[in-house]
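Here's the letter readout for the chains.
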Amino acid sequence: MRVTQNMLSTQLIRNIQTNYRAMSQSQEQIASGKAINRVSDDPVKSVQIMSYRSALAETEQFKRNAEDGQNWLETTDNALDDLTQVMQKVRELTIQGSNGVNNKDSLDTIAMELKALKGNIGNIANARLGDRYLFAGTDTDTEPFVSGEFVNTNNQPLSWNVGQGVFMKVNINGMDIFNYKSGGLNLVETIDKIAGELEAGKDPQQYLDHLDKQLNNLLAHRSIVGSNVNQLEMMINRLDQTELSTKGMLTKTEDADLAKVITNFTTQQTVLNAALSSGAKAIQPTLVDFLR
Amino acid sequence: MLSTFHGLEIGKRAIFAQQTALSVTGHNIANANTEGYTRQNAITKASNPLSYPGMNVGNGPLQIGTGVETKEINRIRDSFLDGQFRSQNEQLGYWNVKHDTLSKIEETLNEPADNGLQASFDRFWQSWEDLSKEPDSLAARAALLSNANALAGRFNQISDSIDNLTTDLQNQATTKMQEMNNLTKQVSQLNLQIAKISASGQQPNDLMDQRDLLIDKISKMADIQVKPAANGMVDIFMGQEYLVNGDQSSAISFDPLNNQALLNGKNITLKSGELAGMIDSLTKDIPSFMSKINELVAVFSREVNQIHSDASAMNLDDIQNRKNDPNAPLDGIPFFVAKGSAGDPGTAGEITVNPLIISSLNKIAAARAANVSDAGNANLLNDLKFKSVSFSNQTTTMNNFYRTIVGDIGIKTQESIQMETNSETLVQQAENQRQSVSGVSIDEEMTNMVKFQQSYNAASRYISVMDEVLDKLINGTGRVGI
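Residues numbered from 1 in each chain as written. Chains lettered and ligands numbered in written order. Predicted model: local features only at pLDDT ≥ 70, side-chain atom pairs only at ≥ 80, totals over all residues.

Turning next to the overall build of chain A. Secondary structure assignment for chain A yields seven helices and six strands. When the helices and strands of chain A are listed from N to C terminus, the series reads α-α-α-β-β-β-β-β-β-α-α-α-α. A globule of 292 residues ought to have a C-alpha radius of gyration of about 19 Å, yet chain A, at 38 Å, is considerably larger. The dimensions of chain A, computed from C-alpha atoms along their principal axes, are 140 × 30 × 25 Å. Expressed as a percentage of contacts within chain A between residues at least 6 apart in sequence, the contacts between residues at least 24 apart total 71%. (Helix = DSSP H or I, 4+ residues; strand = E, 2+ residues; numbered from the N terminus. Rg over C-alpha atoms; globule rule 2.2 N^0.38 Å. Contact = placed C-beta atoms within 7 Å.)

Quick look at the structure:
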């Protein structure tokens, strides 16, 4: 094949161009840290990256939901803990009032104390997280406890999405605690009755049993709260693992193998230098240089 | 008998022939870097001999040479290689344009990235999740609205970019066709000049080079056939139609309404070249992409609206009204509407969040029961992300459908890049082969130059010898004893 000077120089320019193109691609990968910068770099992997990213966003969201749910449950548990203490105090006072050694004055004092505790129960029933009532079902913007009475009748669950198709009930129905009836009386009514008996100078002993039942009911609900918190904790751990493995897969698919890319880049640089220096030598001399 | 001055005549002819050859060499060197130049060659032959009766030859005269003459100056060119170059050049033009268009579509999608359409989708669904936890929170509603606006905005932006791309391509097609008309006109003018010169028996090498270069340029724009015609002219066809017919050229024009090329007033189908690339992009790639995006928009807003405007979906205003009157009618408004109307959006350009929702966050329907923290509807909506919904020819999740669109564009772009690189290599190979035949080699020209110079010198010396011989004859003969 006949080769002319022009062919050599065109070939040289073309090769240098090819080299620069390869270098620019390596450069892009190094600068962005990503092996895939546009879909056409690798359509299959790009689609995978997109679904990993989407899955990651889902997992993060589920985790946030679970954490918010824990928050809600823990606030509920705090309120129920307060309520337990109040109830235990009520029980103590009831026992104190029924031991038969109290005079009228001290019975009245106990009755008054009981009424004060009843007010506490009202406050607990109206406990809020932010501006939302904890014990109002889905009716979170209306006070469930009004003028000494638990009026809320909403027993809808607050179910939060903590996994695809997995919903966790994060609230406790106020009705099940504040409107739980033992002997036909709910919590507040039982205390009212005890206070009434004491004021009348009678022994409230017979209500002690109902009070215990109320307390047991409360503890049962607290254990539900506790187990839900644990479930969410497990859920969060699992989501953490999913997040970690999804991130791992994303990194593996998307990130540039820097060691490899930089090695490639260095090789390309060497090739370019060789092309440039050999080009400079090959292009220069022709027969003209040697004719006199 | 030979003429006395026969030798001088041979010397003169030799000098003329070498001079011509030197001029051709000079022309070659001068045009070594001229685009489209074909190296030329002066072909010499021995001129017609004379009959020379010899005294000892009985049966006829001898032949005596009369020196040299330049027969012709020709171009060293292989028209087969021209054909190869041009057919690859068509492909290169086609894939250049396709790559350009497809990578622009790819850019508008901006995937895979943290701020592409996929991310907008994800954020939209996440907002519904957040809202499902606290449906009474205005902050969660505001976040949802802003993400919904962003999503609709992304769709609008894609539609705008594609509209711009379409207009750009149409303008380019028009300009490219004007450029081509200009080139074909020049070819027809060169044809005329060449025909005039050829008629007188000469070969207009340099004009033919110019014409070939013009045809090379046309070959990148469209698929043409070049056929030789009378008097050294060439005809150029596109399909069955003349583009250049001798000294006449026909204008090609672009019809932006139908994205169609017209030649001599007739619709013409282009198979390759830049123009075919533009027309294919306009009539195939862009419409098929946009129809899929539009389908996604239509199905997405249909599904969201169906849940949002369901007969039992309630927004905060509805809940308020139902508290006062348990049978109060519900708003039941769609979430997304077409710009300027209340109907479902059908295209990416027209989707927008319902203006009623933009003006009041209360209008977002998160509930299915008249309680502020009921998240029945919000849960249905965030479940939509995982739900398979029916598209025109498949049933899949919206995320999957979108990813198919992205993958499809990616594969097409990748193909166009590979085809472009391939045809680039093939064009270069063809050009290399052509250069190998037709390109000027300085070394070769230098060698020729030395060769011709030596011959010239020898011829001069020969003339001096003849001169001395004649001098002896004329001035020295018959002077015996002087």
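A word on the interface of chain A and chain B. Counting from both sides, the interface comprises 40 residues of chain A and, opposite them, 43 residues of chain B. Contributing elements (two or more residues each) for the side of chain A that touches chain B: helix 1 (5–32), helix 2 (43–97) and strand 5 (159–163) of chain A. A per-element tally of the side of chain A that touches chain B places helix 2 of chain A first, with 12 residues. Its residues placed into classes, the side of chain A that touches chain B shows 15 nonpolar, 17 polar and eight charged. (Nonpolar A, V, L, I, M, F, W, Y, C, P; charged D, E, K, R; others polar.)

This part covers the sheet that holds strand 8 (residues 248–249) of chain B. All names here are of chain B. Taken in spatial order, the four strands make up an open sheet running 5-6-7-8, and their pairing is antiparallel. In this open sheet, the two strands that pair with only one neighbour each are strand 5 (225–228) and strand 8. In the sheet, strand 7 (residues 241–245) pairs with strand 8 via two bridges, with the strands oriented antiparallel. If you follow valine 244 over to strand 8, its bridge partner there is serine 249. (Pairing = 2+ DSSP bridges.)

Glancing now at the domain arrangement of chain A. Interface size is commonly expressed as the accessible area that is lost once the parts come together. The domain architecture assigned to chain A consists of domain 1 (1–32 + 270–292) and domain 2 (53–250). Computed from C-alpha coordinates alone, the two centres of domain 1 of chain A and domain 2 of chain A are separated by 81 Å. (Domains from an automatic or database assignment.)

Glancing now at the pairing of strand 10 (residues 260–263) of chain B. Residue and element names in this part refer to chain B. Covered by surrounding structure in strand 10 are Ala261 and Leu263 only, the residues Gln260 and Leu262 on the alternate face being uncovered. Bridging between strand 9 (residues 252–255) and strand 10 involves four bridges; their strand directions are antiparallel. Residue pairing for strand 10: phenylalanine 254 is matched across the bridge by alanine 261. Two successive antiparallel strands, strand 9 and strand 10, enclose a turn made up of four residues, where asparagine 259 displays a positive phi of approximately 50°. For strand 10 and strand 11 (residues 266–268), the ladder comprises three bridges, and the chain directions are antiparallel. Considered in strand 11, the bridge of leucine 262 is made with asparagine 267. The turn joining strand 10 and strand 11, which pair antiparallel and follow one another in sequence, is formed by two residues; a positive phi near 55° is taken by asparagine 264. (Buried ≥ 20, exposed ≤ 12 C-beta atoms within 10 Å, placed from the backbone.)

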